[in-house]
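Listed here are the chains, written in short residue letters.
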Amino acid sequence: MSTLSTSLPGGTWTLGDLTVTRFGYGAMQLAGPGVMGPPADHDSAVAVLREVADLGITHIDTAGAYGPRVTNLLIREALHPYAESLHIATKVGATRDEHGGWPPARQPEDLRRAVHENLETLGLDVLDLVNLRLGDARGPRPGSLTEPFETLVELQRQGLIRHLGVSNATAEQVAEARTIAPIVCVQNMYNLAYRQDDELIDELAEEGIAYVPFFPLGGFSPLQSSALSTVAARLDATPMSVALAWLLQRSPNILLIPGTSSLTHLRENVGGAGLSLSDEELAELDKIGR
Ligand SMILES: NC(=O)c1ccc[n+]([C@@H]2O[C@H](COP(=O)([O-])OP(=O)(O)OC[C@H]3O[C@@H](n4cnc5c(N)ncnc54)[C@H](OP(=O)(O)O)[C@@H]3O)[C@@H](O)[C@H]2O)c1
């Protein structure tokens, strides 16, 4: 098992046998508008990724569908050959259409193609972590994941994938996946104002499985709440810092992957997430999503 010491807020977490910083980075915002095409400023996107690594962040979240292929190729350009400590998580199970939609692509041949495409675009022989993305753009949808998940297990057995996770999943699908093969994480939408998965997070924490909230800052609609602004003003911090610090304090199995295309925001987020929230502040913030 690799060890890693970090001064980043939240310390580290172990995904299977991979130690990562709990403060990670989500690469989706680096693609063009609507997560389609190249970024407006290519050099700045590469600079953000290099700063991610320079800050000591060792967990980057991406997907072949971002761009498509754009964020994977940027990661490769900026950071390949990768440091041994860096772990890249990717997702399969959705593709892109000509309107920028995210139609499911979960047939066995879609998943095999997606895994090989991720290996190629990231320049890797083995993918550290592959999440099976379920549901659709509206969120998780019920239904069995056995066929697509078994396809990924088969690719794992072939040595192409180190660890598996699920994304945009219901609690039932998480449980179903775990009857088929071990998972190291669940990546679902969750933040201070959207707390559908509270119970699931606590259950996963007991099982030593990471919970990776997407849209930790609200995603395409930034978090806005008067209670959040009040607490932030009192602490002389930004609402974004408070939202990230709250997630780190919410549960030890929460890994952050905030997205940004801005060097300034990246540094602000790393600095701000270490904020210590008192019990009183936590209680005030707790009311936002209840
Ligand atoms: N599994 C899934 O289905 C799924 C779905 C969506 C996302 N994801 C993953 O989750 C990651 C995080 O989600 P996300 O990037 O969509 O949403 P997010 O992290 O909640 O928010 C990103 C937005 O916040 C802004 N932002 C970041 N830091 C800021 C700061 N300090 N001050 C002001 N604005 C700030 C960014 O704009 P700037 O660029 O201007 O900083 C961007 O618009 C993605 O990168 C992706 O890897 C997964």
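Residues numbered from 1 in each chain as written. Predicted model: local features only at pLDDT ≥ 70, side-chain atom pairs only at ≥ 80, totals over all residues.

### Some thoughts on the overall build of the protein
Stated precisely, the cut-off is as follows: Secondary structure counts use DSSP, requiring at least four H or I residues in a row for a helix and at least two E residues in a row for a strand, with both numbered from the N terminus. It is over C-alpha atoms that the radius of gyration is taken, and the globule rule equals 2.2 Å times the number of residues to the power 0.38. With C-beta atoms placed from the backbone, a contact is any residue pair whose C-beta atoms sit within 7 Å.
Looking only at helices and strands, the protein features 10 helices and nine strands. The C-alpha radius of gyration computed for the protein amounts to 18 Å, which stays within 12% of the reference 19 Å derived for 290 residues, consistent with globular compactness. Dimensions of the protein, computed from C-alpha atoms along their principal axes, come out at roughly 55 × 45 × 40 Å. Residue pairs at least 24 apart in sequence account for 72% of intrachain contacts in the protein once pairs closer than 6 positions are excluded.

### Section: the site of the ligand
What counts, and what does not: The rule is simple: place the C-beta atom from the backbone, and if it lies within 6 Å of a molecule or strand, the residue is near it. Basically, the charged four are Asp, Glu, Lys and Arg, the nonpolar ten are Ala, Val, Leu, Ile, Met, Phe, Trp, Tyr, Cys and Pro, and anything else, Gly included, counts as polar.
Residues in contact with the ligand amount to 27 residues; listed here are only the nearest, G26, M28, L217, G259 and T260. At three residues, helix α9 (residues 263–272) tops the list of elements feeding residues into the shell around the ligand. The residue makeup of the shell around the ligand, split by class, is 10 nonpolar, 13 polar and four charged.

### Comments concerning the UniProt feature "domain: NADP-dependent oxidoreductase" (unreviewed entry) in the protein
Just so we agree on the cut-off: UniProt positions are given in the numbering used here, feature names are shortened, and annotations may be inferred rather than shown by experiment.
On the UniProt side, "domain: NADP-dependent oxidoreductase" (unreviewed entry) is annotated at positions that read residues 24–288 here. For the annotated span residues 24–288, helix accounts for 41% and strand for 11% of the residues, and the straight-line distance between the end C-alpha atoms is 25 Å.

### Some thoughts on the sheet that holds strand β7 (residues 161–167)
This is how the line gets drawn: A pair of strands is treated as paired once DSSP finds two or more bridges between them. A fitted line through C-alpha atoms represents every axis, and for helices the fit uses only the stretch in contact; the resulting angles, taken between N-to-C directions, go from 0 to 180 degrees.
The seven strands are arranged β3-β4-β5-β6-β7-β8-β9 in an open sheet whose pairing can be described as parallel. On the outer flanks of this sheet lie β3 (25–26) and β9 (210–211), each paired with one strand and no other. Bridge count between strand β6 (residues 127–133) and β7: six bridges; the pairing is parallel. Residue pairing in the sheet places R133 in a bridge with S167 of β7. Here helix α3 (residues 108–122) sits on the sheet in contact with β5 (87–92), β6 and β7, set at roughly 150 degrees to β5. With respect to the sheet, helix α4 (residues 146–157) is in contact with β6 and β7, its orientation differing from that of β7 by roughly 165 degrees.

### Concerning unusual backbone geometry
Defined as follows: Partly exposed residues are those falling between the two cut-offs: more than 12 but fewer than 20 other C-beta atoms within 10 Å of their own, whereas 20 or more means buried and 12 or fewer means exposed, with C-beta atoms placed from the backbone.
Here G67 and P68 are connected by a cis peptide whose omega angle stands at -20 degrees. Relative to the assigned elements, P68 resides in the loop between β4 (59–61) and α2 (70–79). The step from H80 to P81 runs through a cis peptide bond, and the omega angle for that step is 0 degrees. With respect to the secondary-structure elements, P81 resides in the loop between α2 and β5. The phi angle at F215 is positive, at roughly 60 degrees, despite the residue not being glycine. Assignment of secondary structure puts F215 in the loop between β9 and α7 (226–234). In this structure, D236 is a non-glycine residue whose phi angle is positive, near 55 degrees. Inspection of the secondary structure puts D236 in the loop between α7 and α8 (239–250). For D236, a count of 8 C-beta atoms within 10 Å puts it in the exposed group.

### Thoughts on the environment of L247
Structurally, L247 is set in helix α8. Taking the C-alpha atoms as reference points, L247 and Y190, 57 residues apart in sequence, are found 9.2 Å from one another. Those residues in contact with L247 that lie beyond four places of it in its chain are P213, P216, I254 and L256.

### Overview of α8
Counted only if it meets this: Multiplying 1.5 Å by the helix residue count minus one yields the expected span of that helix.
A rise of 1.5 Å per residue sets the reference length of α8, with its 12 residues, at 16 Å; its end C-alpha atoms lie 16 Å apart and thus fit the reference within 8%. In terms of burial, α8 is largely enclosed, as 11 of its 12 residues are buried. For α8, every residue scored as buried is listed here: P239, M240, S241, V242, A243, L244, A245, W246, L247, L248 and R250. On its buried face, α8 is in contact with α7, α9 and α10 (279–286).

### Focus: the pairing of β6
Rules: A right-handed crossover is one whose linking path, passing over the helix from the first strand to the second, runs clockwise when the strands point away from the viewer.
Most of β6 sits out of view: seven of its seven residues are buried. As paired elements, β5 and β6 share four bridges and run parallel to each other. Each bridged residue has a counterpart across the sheet, and for T90 the counterpart in β6 is V130. Handedness of the crossover joining β6 and β7 through α4: right-handed.

### Remarks on the pairing of β7
Among the seven residues of β7, six are classified as buried, and the element is accordingly described as predominantly covered. Of the strand pairs in this sheet, β7 and strand β8 (residues 185–187) are connected by three bridges, and their pairing is parallel. In the strand pairing of β8, V166 is matched with V186.

### Observations regarding the nonpolar core
Note the threshold: Think of a nonpolar core as buried Ala, Val, Leu, Ile, Met, Phe, Trp, Tyr and Cys residues, each tied to the set through C-beta atoms within 7 Å.
Membership of the largest hydrophobic core comes to 79 residues, with the highest contact counts inside it found for A210 and A243. Per element, the largest residue contribution to this core is eight residues, and it comes from α8. When near neighbours in sequence (up to four residues on either side) are disregarded, A243 contacts N191, L192, P216, L217, L223 and L228.

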